[in-house]
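One letter stands for each residue in the lines below.
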Amino acid sequence: MMKIYFHLNIGGFSNCYIVINEETHHALIIDPGRITTALIDQIEGGGNSLSGVLITHNHGSHVQGIKTILKIYEPKIFAADWEVSGHKTTVITGDGTFQSAGLTVSYCTVPGHTADSMVYKIGNVLFTGDVLGAGTIGSTTNRYSERLLRAHITKKIFSQTDDTIIMPGHGPPTSVGIEKYYNSAFKKK
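Cut-offs applied
- Residues numbered from 1 in each chain as written.
- Predicted model: local features only at pLDDT ≥ 70, side-chain atom pairs only at ≥ 80, totals over all residues.
- Heavy atoms only, no water.
- Helix = DSSP H or I, 4+ residues; strand = E, 2+ residues; numbered from the N terminus.
- Rg over C-alpha atoms; globule rule 2.2 N^0.38 Å.
- Buried < 20%, exposed > 50% of the residue type's maximum accessible area, 1.4 Å probe, protein only.
- Contact = heavy atoms within 4.5 Å.
- Phe/Tyr/Trp six-rings, centres within 6.5 Å; stacked < 30°, edge-to-face > 60°.
- 1 Å grid on protein atoms, 1.4 Å probe; cavity = no way out; pocket = protein on both sides within 12 Å on 5 of 7 lines; lining within 4 Å.
- Points joined across faces, edges and corners; volume = space filled by probe spheres on them.
- Nonpolar A, V, L, I, M, F, W, Y, C, P; charged D, E, K, R; others polar.
- Core = buried A, V, L, I, M, F, W, Y, C linked by side-chain atoms within 4.5 Å.
- Pairing = 2+ DSSP bridges.
- Right-handed = clockwise from strand over helix to strand, strands pointing away.

K.L.:
Break down the overall build of the protein for me, citing the residues and quoting the values.
P.N.:
Helix and strand counts for the protein come out as 5 helices and 14 strands. In terms of C-alpha radius of gyration, the protein reaches 16 Å, essentially the compact-globule figure of 16 Å for 189 residues. Its C-alpha atoms put the protein at 50 × 30 × 30 Å along the principal axes. The proportion of buried residues among the 189 residues of the protein is 50%. Sequence-distant contacts in the protein: of pairs separated by 6 or more residues, those separated by 24 or more amount to 51%.

If you want it as structure tokens, here you go:
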């Protein structure tokens, strides 16, 4: 059984998530924007240890806590951009799966917002970073990037079941069904 805890990074108004595997007492942290004592207490509060860090994309408000984490723990860091943590980064590309904290983590690239945008799926939950949020899609710098982002969202995210939960990089949780049917970025104009 897994539990997901939410922490807000006020500095960038970005979401950070802690996923705890209650059977193994190992934890993952997704997009550690800012490390607080509340966040550390959440990880360690039941004898849990931090096994991995998942980065959805290399923007400051999503990665600035990595240096602090590495002073306290020795987790494996997963990201599509080597610069997230240099030689300590396990670079992932394309689509695939890996095991961390005793959990199966699926990942897929969804470029458009950034070249290194990665979406993670654990159980029935997608961690989308800035790719897709409640009623929004990630910002882009040109029309090509926007079309690319929409196409990847449609193919890789909207193909999930409607009850799949979306935990975005900013804003409240949502679901695939809600975004598929009501996100204004996909409405016919």
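Picking up after the structure, the text goes on.
K.L.:
Describe the packing of aromatic side chains, with residues and values.
P.N.:
Under the criterion given, the structure shown has 5 aromatic pairs. On the basis of an interplanar angle of 55° and a centroid distance of 6.1 Å, the ring pair of Phe-6 and Tyr-17 is categorised as tilted. In this pair, Phe-6 sits in strand S1 (residues 2-9) while Tyr-17 sits in strand S2 (residues 14-21), placing the two residues 11 residues apart along the sequence. Taking 3.9 Å as the distance between ring centres and 10° as the angle between the ring planes, the aromatic pair formed by Phe-78 and Phe-98 counts as stacked. Highlighted residues: Phe-78 in strand S5 (residues 76-79) and Phe-98 in strand S7 (residues 95-100), separated in sequence by 20 residues. Relative accessible area serves as the criterion here: at 4%, Phe-78 is assigned to the buried category.

K.L.:
Outline empty space enclosed by the protein, listing residues and values.
P.N.:
All told, the structure shown has 2 cavities of 30 Å³ or more when counted by the stated rule. Around the largest cavity, the lining residues are Asn-15, Tyr-17, Ile-30, Asp-31, Thr-56, Phe-127, Gly-129, Met-167, Pro-168 and Gly-169. Elements that contribute at least two residues to the lining of the largest cavity include exactly S2, strand S10 (125-129) and strand S13 (165-168). Classifying every residue of the lining of the largest cavity by side-chain character gives 5 nonpolar, 4 polar and 1 charged. If you add up the space inside the second largest cavity, you get close to 30 Å³. What lines the second largest cavity is Thr-56, His-57, His-113, Ser-117, Met-118, Thr-128, Gly-129, Asp-130 and Val-131.

K.L.:
Now, about the nonpolar core: what can you tell me, with residues and values included?
P.N.:
Ile-29, Leu-50 and Ile-55 are the most contacted members of the largest nonpolar core, which has 19 residues in total. Looking at this core, the elements that each hand over two or more residues are S2, strand S3 (26-30), helix H1 (37-44), strand S4 (49-54), helix H3 (66-72) and S5. Discounting residues that sit within four places of it in the chain, Ile-55 has contacts with Asp-31, Pro-32, His-62, Val-63, Ile-66, Ile-77, Phe-78, Ala-79, Val-84, Met-118 and Tyr-120. Grouped together as the second largest cluster of nonpolar side chains are 18 residues, Val-19, Leu-54, Ile-92 and Ile-122 included.

K.L.:
Describe the pairing of S3, naming the residues involved and giving the relevant values.
P.N.:
For S3, the buried fraction is high: 4 of the 5 residues fall into the buried class. As paired elements, S2 and S3 share 5 bridges and run antiparallel to each other. Paired with Ile-20 across the two strands is Ala-27, which belongs to S3. Hairpin geometry of S2 and S3 is characterised by an intervening segment of 4 residues between the two adjacent antiparallel strands and by a positive phi of about 60° at His-25. Pairing geometry for S3 and S4, over 5 bridges, is parallel. Paired with Ile-29 across the two strands is Val-53, which belongs to S4. Tracing the backbone out of S3, into H1 and back to the parallel element S4 gives a crossover that is right-handed.

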